[in-house]
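As a plain string of letters, each chain reads:
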Amino acid sequence: MDSSEHDIYRAAIHGDREAFEMIIRTQSRALFAIAYGVLQNREEAEDVVQDTLVKAWKTRWRVRDPEKFPAWLSTIARHRARDVARRRRSVPFPTDTEEPIDPGNDAAAANLRENEVNEQVRAALSTLPELHRAALTLRYFEAMDYASIERTLGLSNGALRGILGRAMAAMRQRLRPALATME
Amino acid sequence: MPNDNIHDEIESWLAADVHDQLSSEERTALAQHLAACDSCRALQQEEKTMHQLLEKTLAQESADPAFEQRMVSRFREKVPAPNGGLIPFFAGLMRMRAAQITAVAALLLTLVQVGKLVTGEGGAFPSQQASLAFAAPPARDRSAVSSAGTIVTGANIPMEGVAEQANERGSTDSIQAKSRDELKKDLNDKSKGAPLTPSAAKMQEQEVDRPDEAGAAGGNKVESTILPAAVTPADSRKLIRNAQLDLEVVSYDAAVQRLTTFATEEHGFVATQSSAKLPNGKLQGTIVIKVAPDNLDRFLQKARGLGELKNQTLGTDDVTKAYLDTDARLRNAKRMEERLLDMLQKKTGKVSDLLEVEKELARVREQIEQMQGTLKYYDALVQYATVTITLAEKDLNEPAAFLLRETANLSLFSADVEKTFREVKSALQNAKAQIVQSNLERDNSGQATARMAILIAPEESDAVIARIKGMGRVQNFNVQTERVAQNGSGMSDTAKVERDKVQLNLVISRTGEEQSVQQTSLRIITSAVTDKVTQLKAAVSKAGGELRSSTFSRNPDGQEVANITLRVPMKNYPGLVASFDQLGEVKDLTVQRNDQPGTTANPETAPADVSLQIYSPGTIVSDETGLTATLRRTLGQGVAALMWSLRMIGVALAFLAPWALGIGLVGWLVVRFAKRRG
């Protein structure tokens, strides 16, 4: 973290709204990725990010070390998302409306196949531990380099590499049939 | 990352590879391992496909480009910027270290100041006092110089402090303050060429000091200071001097005579005189004497020798200004008069004008006369000093006579109240006595009481009271004598003493208990208490006695106690006491005899009181022993202990709960406040 970034975090902690808005601009996409990893639902993830930012502003005085601000933000987001997911569990998961399949249409068939793969990927993702999901979404949503992910999630380099390695391996295992068809 | 571990950790290596996060050395190391390891190579292929799939599926799920802007605007909506305000400002201020330190310092300073205020430790006062003390001597000098033309009075206080004394003088001479200042100016003007020599100044100081010594020696006595300097420094000054003396003399007439002589000696005269004779023959009066101002002091000194000086006041009223003003106005008026007269003499102008002039002339003349009168009045006042002397003969308040007032209270016991009441009344008819008040009342128990207030002529009082005493048995008699001073107070050897009528308050009643001649108390131990009590009662009635009270009680352990008090005539007393031996074993016998010499009571019929206690020894084993009783007691004690511990817990709760509640509340408030700020 360079010094200007550090200053921004410190200003935000001391109540500078402009600094905080700048943080929103730089961090909210990452937060969205994390929330999405937990919830796999865009609207809910967006709400979670919103709540996270408001809560972070109200409790910003709790952060003593500006270095840890991003990690703290992502922790709030993860907890918040987990709360939402837990509350949702009682409500039946909304299944995607089955579109009528027209096997004769080639494009439709391709589309259908693609949807199916998407569904499989999402299902595989949802079986991973929360942190693994967050690391994957950060990487693939925002194409963040490892250093940024480490800072966002508050991890060391070794830990992140291990997490991503295991996450990729687990995904591979779950999606092996789909992968086989792709090759 | 050690290269030999690549195979074991191939997953993370592959992931970092597809994510393009390996350093160039690491990439080479991985390539070497993959070239050697088939399984890992297969995995790498799979990993790459996986990576592509994820990029394709997940990348499209990422946030839309307008996402950040949306977040910012929604944040602004949800958390509106606070619009200033004092509280947020102070809260922000308090977060700053410098502001915190300043606040603490200010608090400490305030505490110190408050502490100083409370303890009254101020550095300012002593210096003020010092300056006052230094400022004082000049004031004294001034008074010494200026008092050359005036009299300083009221110097009866001992010398305590220069400043105080100077103040005292200032206040007593406040009337003269103005003239003094003017005088001082005059003196200064005069002495400009040749200032006051040190020796002269010293002399004046000594003169000022002298009265202080006299005052200290005289104690409470009123002393005055008269500076022998010239009384009138300049003839032009118009000073009205007056003095007031309170004297106590032995003989009023002699004092007046001598005062008249003194007045003549000092070229004065007695202006007015008034006196009054008091009931005790003492004289008191006021005499006003006019003397020449120059001789006032000598006159006063002479007058003080006449008797004891109780009070003295000396005053000087400077009327110079008023006098001069009036004088000037008078001259103006005179000039006006002249001009008016001129106008009249010229006899020009109309009649109405002449009338006007006449009117004006009359007015002016009236004014002139008025002012001339005023000036004459002043002159008269200034010409003579007025001395008002109040004379009082010694022991002015001595009583003229004393009155001896006797009050006698008599309580009579009579078996027949009404008969005695009638007897007393008839006895008084032949005596020099008067019944002021009498009443006879009978209460619901049949007891009669008569009350009388009788005034008896002093010469017959002793005889009458003695006769009344003989009509019954005297229970109480006392006489109070009061010596009442008439028209005054204190003692007097010469005053007459007269006896007033004797007031007798008489109460005749039956209620009074005839006092017993002998009191006996004893205890009798017996096994059958009830039987013996019956036996005793029979014996008492046989002996002609009466039973006054009896109680009977039985203790839980079976002991019976009977308390009996009775009264028998003295003649039957020995027989009754002898019969007690038959009742049981007599213990603790006490006999007390009250002989009342002088009473007319018959020794045969006089009553004797006996109080007895008849009791049984009681069972040795009481009901309070045995298994059930012990069990009951033990349980009772256990319950009591339990209740006690409960009470202790209650007390502890009462001690601690408020504190716990209070601390919890404060903590909660602090956390809440902090959260809200955040």
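Structural data are supplied above this passage.
Residues numbered from 1 in each chain as written. Chains lettered and ligands numbered in written order. Predicted model: local features only at pLDDT ≥ 70, side-chain atom pairs only at ≥ 80, totals over all residues. Heavy atoms only, no water.

A few points about the side chain of Ser579 of chain B
Quick reminder of the rule: Runs of E in the DSSP output that reach at least two residues are strands. Runs of H or I that reach at least four are helices, and both are numbered from the N terminus. Pairing of N or O atoms within 3.5 Å defines a polar contact, subject to two protein rules: one partner must be a possible hydrogen donor and the other a possible acceptor, and residues neighboring in sequence count only if both atoms are side-chain atoms.
With respect to the helices and strands, Ser579 of chain B occurs in helix H18 (residues 573–579). From its side chain, Ser579 of chain B meets the backbone oxygen of Leu576 of chain B in a polar contact 2.5 Å long.

Considering the sheet that holds strand E13 (residues 546–554) of chain B
Residues and elements named next belong to chain B. Note the following rule: DSSP-based pairing: two strands are paired if at least 2 bridges between them are found. All axes here are fitted lines through C-alpha atoms, helices being fitted over the stretch that makes contact, and every angle between N-to-C directions spans 0 to 180 degrees. Contacts are assigned to residue pairs with any non-hydrogen atoms lying within 4.5 Å of each other.
Here we have 5 strands laid out as an open sheet, ordered E13-E14-E16-E12-E15, and mixed in their pairing. At either margin of the open sheet sits one strand with a lone partner, and together these are E13 and strand E15 (585–593). Across the sheet, the axes of successive neighbouring strands diverge by a mean angle of 10°, strand direction being ignored. Where strand E14 (residues 560–569) and strand E16 (residues 607–615) come together, 9 bridges link them in antiparallel fashion. Its bridge partner being in E16, Val561 is matched across the sheet by Tyr615. Each of E13, E14 and E16 touches helix H17 (residues 529–542); the most contacted strand, E14, lies at about 5° to it.

Some details on the environment of Met22 of chain A
Residue and element names in this part refer to chain A. Basically, it comes down to this: Note on exposure labels: buried denotes an accessible area under 20% of the residue type's maximum, exposed denotes more than 50%, and partly exposed covers the range between, all computed with a 1.4 Å probe on protein chains only.
Along the chain, Met22 turns up in helix H2 (residues 17–39). A relative accessible area of 42% places Met22 in the partly exposed class. In sequence terms Met22 and Tyr9 are 13 residues apart; their C-alpha atoms lie 9.4 Å from each other.

Remarks on the interface of chain A and chain B
To keep it simple, the criterion reads: Buried area: the accessible area, evaluated with a 1.4 Å probe, that two parts lose upon being put together, summed over both parts. When a carboxyl oxygen of Asp or Glu is within 4 Å of a side-chain nitrogen of Lys or Arg, the pair counts as a salt bridge. Amino acids are sorted into nonpolar (Ala, Val, Leu, Ile, Met, Phe, Trp, Tyr, Cys and Pro), charged (Asp, Glu, Lys and Arg) and polar (every other residue, Gly among them).
Taken together, the contacts link 49 residues of chain A with 47 residues of chain B. Contact with chain B buries area across many residues of chain A, yet Tyr140, Arg161 and Arg172 of chain A alone supply 16% of it, more than any other trio. Here chain A and chain B share 11 salt bridges between them. Ionic pairing is found between Glu68 of chain B and Arg29 of chain A, a salt bridge with its closest N-O pair at 3.3 Å. Remark: the boundary between chain A and chain B carries 15 residue pairs in polar contact (both at pLDDT 80 or more). Within the residue set of the side of chain A that touches chain B, elements represented by two or more residues are H2, helix H3 (42–58), helix H5 (106–127), helix H6 (130–142), helix H8 (157–174) and helix H9 (176–182) of chain A. Of all the elements, H3 of chain A adds the most residues to the side of chain A that touches chain B, at 10 residues. Among the residues forming the side of chain A that touches chain B, the class breakdown is 23 nonpolar, 6 polar and 20 charged.

Remarks on the environment of Thr316 of chain B
Looking at where Thr316 of chain B falls in the secondary structure, it is placed in strand E4 (residues 308–318). For Thr316 of chain B, a relative accessible area of 10% corresponds to the buried category.

As for unusual backbone geometry
At Gln40 of chain A, a position not held by glycine, the phi torsion is positive, near 50°. Residue placement: Gln40 of chain A occurs in the loop between H2 and H3. Residue classification places Gln40 of chain A among the buried residues on the basis of a relative accessible area of 12%. The backbone phi angle of His267 of chain B is positive, close to 60°, even though this residue is not glycine. Locating His267 of chain B in the fold gives a position in the loop between helix H11 (252–265) and strand E2 (269–277).

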